[in-house]
Amino acid sequence: MSETTLKPREHWSGSLGFILAAAGSAIGLGNIWKFPYITGENGGGAFVLVYLLCIAIIGLPVMICEIAVGRRTQRNPVGAFHELSPPTSLVAHGIGLAVLLTGLSLLVFRTWGWGVVLTVLGLLIFRFGWTVAGFMGVLAGFTILSFYSVVAGWTIGYIVEALAGRLRFAEVAEAESFFGTFMQDPRWAIGCHLVFMAMCVAIVYGGVRKGIERWSKILMPLLLLLIMALIIRSVTLPGAVEGVRFFLRPDFSRINAHSILVALGHAFFSLSLGMGAMITYGSYMDRDQNILGAAFSIVVLDTLIALMAGFAIFPAVFAYGFRPGAGPGLVFIVLPTVFHRMPLGIFWAALFFVLLLIAALTSGISLLEVVTAFFVDERKWPRHRAALVLGAAIALLGVLCAVSVADWSRLAALQTTLTWAFGTARDSFFDLMDHISSNWLLPLGGLLISVFVGWIWGTKRAVDEIRHGSQNFADVHLVSLLAGLKDDPSHNASVHIVTLASLWGIFIRFISPVAVLIAFLHTVGWLDFKSSPPEMPPPATEAPAWPSAAE
Ligand code: PHE
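Owing to the predicted nature of the structure, the values given are computational and were not obtained by experimental measurement. (Residues numbered from 1 in each chain as written. Predicted model: local features only at pLDDT ≥ 70, side-chain atom pairs only at ≥ 80, totals over all residues. Heavy atoms only, no water.)

Colleague: Help me out: how do you make sense of the site of the ligand in this one?
Modeller: Near the ligand you find 14 residues, and of these Ala26, Gly30, Tyr148, Phe269 and Ser272 are the closest. At 2.9 Å, a backbone N or O of Ala26 approaches an oxygen atom of the ligand. Contact between the ligand and Ser270: a nitrogen atom at 3.1 Å from a main-chain N or O atom of the residue. Bound to the protein, the ligand loses 100% of the 320 Å² it would expose on its own. (Near = heavy atom within 4 Å. Polar contact = N/O pair within 3.5 Å; in protein donor to acceptor, adjacent residues only side chain to side chain. Areas by Shrake-Rupley, 256 points an atom, 1.4 Å probe, with all protein chains shown as cover.)

Printed below as a string of structure tokens:
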């Protein structure tokens, strides 16, 4: 018998440990790299407002859900869904059968790729029911980390290049060609990606308290310090006001259904929701810790850092006369050019990329932890073996991403097979991994977790779990809370029905699933809003899909 079955489950040392680790997972490339450029593309302030709304009404309730499921079951996502599912679910069998039949009919029509995927999925759903949602999370851990670590690798490369004084670009075009050559050089791209994966493995290898928690407690305060230094530099540049104005002034003519759905999708990615990262981190939580308070702090910290990234980037970009709508290249192409024009540019550039690396690292470890926890809990692997073997497997997948992002045809056999099976191989293997996880696995995962908690496990049991450690906060009359009368006895009589808990239940049962479903159908192209609002001007610069930014 392996040692893991004998050991009790490791737990965070306290609330702060959990909050910092989970905020570390949430705060990542999504906040510092993606949020500023999608804000730039979608018109600034108005988009920021929409994003904040999505975070508050969808992100926070789903975050509470995931943590509650994790803490209740003390298991990885697969184990968690397994434990809370009813023994036989007719609905799951029905859905499984329907998916299986669809898959088989696609095979009859020789649509091989989708036919095989749906047939296998149908069988899995039929056999495992809701547990498949957990499997999807583990799969997302693999696919997200494979491309995430390539981008994180670029930041390592850029730190080295900055310190070596090679990020000297007078014009954006120079920076663009530099980034192109940099990405295409397999030694750099693969080498840096492997260094990043090795860092993730080393931390996850150390375990929950000595690895993840210890490093989060060091790295998160450092991240806050670095970003504050960058903001001060950026907003004190002459001409910075323009950038602040762009970021803060809402121009609602730039908002349409498409940008709302981009905001919703990004809220999920940014809060690490929909793939069980928060279930896994929640599973290391003690029952006396406060779920509501922790979820609230994580969401606030994540949003704060995204906004701070905007304040660090836009004022500087505007101060030197650049455009904010530069797309994915904003951070790797426009910013180095901006830094070069600043006094002490090398220093600021290195500082910025160190910041990006720290953010990516604390997210990378949470992705690896989801996969590791699955093998430790369900397959009884010792943690160090799981971290090493799975880290190596993901690193291998990432090598394919790193090689293909420069030139898909380097992996001609894979490209041809995918095109044969699915009719398209997208822009690169990198792009494919991003597409599968961001457009399919995360939204579907988010949809499934809210439907599961809202309708299968039940909001009643979930609220029972949340109540532990939350000092009955879930039952406080919402109006009395807003009025500052939380502890006033006359305002806490049991007849009150508008409590935080009831509000949360309504969001989880109705609003989140519907919103996520609409966003999902839109991203996969089954619902098209693009033609509806004609007043939307085109983005400042035509943005390519992000992995091919520098082509
Ligand atoms: N939230 C991370 C970011 O903003 C990415 C991530 C997604 C991490 C899903 C874990 C799980 O970059």
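Colleague: Could you clarify how one ought to interpret the packing of helix H16 (residues 329-341) against helix H17 (residues 345-378) in this entry?
Modeller: Packed helices, taken two at a time, are described by the angle between their axes plus the distance between the axes. Running from amino to carboxyl end, H16 crosses H17 at an angle of 150°, the nearest separation of the two axes being 9 Å. When the axis of H16 is compared with that of H17, the two are roughly antiparallel. The residues of H17 that touch H16, namely those facing Val331, Phe332, Leu335, Pro336 and Phe339, are Gly345, Trp348, Ala349, Phe352, Phe353 and Leu356. Residue composition of the contact of H16 with H17, grouped by class: 10 nonpolar, 1 polar and no charged. (Axes fitted to C-alpha atoms, helices over the stretch in contact; angles between N-to-C directions. Helix = DSSP H or I, 4+ residues; strand = E, 2+ residues; numbered from the N terminus. Parallel < 35°, antiparallel > 145°, perpendicular 65-115°, else oblique. Contact = heavy atoms within 4.5 Å. Nonpolar A, V, L, I, M, F, W, Y, C, P; charged D, E, K, R; others polar.)

Colleague: Sorry if this is basic, but what is going on with a nonpolar patch on the surface here?
Modeller: Taken together, the side chains of Val116, Val120, Leu124, Phe128 and Phe135 make up a nonpolar region of the molecular surface, amounting to roughly 370 Å² of accessible area. When its relative accessible area of 43% is taken as the criterion, Val120 is described as partly exposed. (Patch = residues over 30% accessible without salt bridge, like charges linked within 9 Å, V, L, I, M, F, W, Y side chains within 5 Å. Salt bridge = Lys/Arg side-chain N within 4 Å of Asp/Glu carboxyl O. Buried < 20%, exposed > 50% of the residue type's maximum accessible area, 1.4 Å probe, protein only.)

Colleague: Where do I start with the packing of aromatic side chains in this structure?
Modeller: Evaluation of the coordinates by the stated rule reveals 37 aromatic pairs. Centre to centre, the rings of Phe178 and Phe182 are 6.4 Å apart; their planes meet at 15°, and the pair counts as stacked. Linking Phe178 with Phe182, this pair stays in helix H9 (residues 172-184), spanning 4 residues, or about one helical turn. Across the pair, Phe182 and Phe178 agree in class, each one buried. (Phe/Tyr/Trp six-rings, centres within 6.5 Å; stacked < 30°, edge-to-face > 60°.)

Colleague: Looking at this structure, how should I read helix H15 (residues 291-319)?
Modeller: With 29 residues, H15 ought to run about 42 Å at 1.5 Å a step, and its terminal C-alpha atoms sit 42 Å apart, in line with that. Where H15 starts, the residue carrying a side-chain oxygen 3.1 Å from the main-chain nitrogen of Leu292 turns out to be Asn290. Following H15 by one or two positions, Gly321 adopts a phi angle in the positive range, close to 75°. (Expected span 1.5 Å × (residues − 1).)

Colleague: Would you take a moment to explain the pattern of salt bridges for this structure?
Modeller: Opposite charge on two side chains allows them to pair when their charged atoms are near. Taken as a whole, this structure holds 13 salt bridges when the rule is applied. With its nearest N and O atoms 2.8 Å apart, the salt bridge here joins Arg71 to Glu465. With Arg71 in helix H4 (residues 45-73) and Glu465 in helix H20 (residues 429-467), the pair connects residues that are 394 residues apart, well separated along the chain. For the pair Arg71 and Glu465, one class covers both residues: buried. In this structure, Arg426 and Asp431 form a salt bridge, with 3.4 Å as the shortest nitrogen-oxygen distance. Through salt bridges with shared partners, a single network forms among Arg71, Arg287 and Glu465.

Colleague: Help me understand the environment of Gly239, please; the structure alone is not making it clear to me.
Modeller: Tracing the sequence through the fold places Gly239 in the loop between helix H11 (208-235) and helix H12 (241-248). According to the relative accessible area criterion, Gly239 is partly exposed, its value standing at 43%. Spatially, the C-alpha atoms of Gly239 and Ala316 are 8.4 Å apart, while their sequence positions differ by 77 residues. Excluding its chain neighbours within four sequence positions, the residues that come into contact with Gly239 are Phe318 and Ala319.

Colleague: How should the nonpolar core be read in this particular structure?
Modeller: In summary, soluble globular proteins display a tendency toward joint burial of nonpolar side chains. Core analysis: the largest hydrophobic core is formed by 177 residues, its most contacted members being Phe18, Trp154, Phe332, Phe352 and Val453. With 22 residues, the top contributor of residues to this core is H17. Discounting chain neighbours no more than four positions away, the residues touching Phe332 are Trp33, Val151, Trp154, Thr155, Tyr158, Phe179, Phe353 and Leu356. (Core = buried A, V, L, I, M, F, W, Y, C linked by side-chain atoms within 4.5 Å.)

Geometry only, nothing functional implied.
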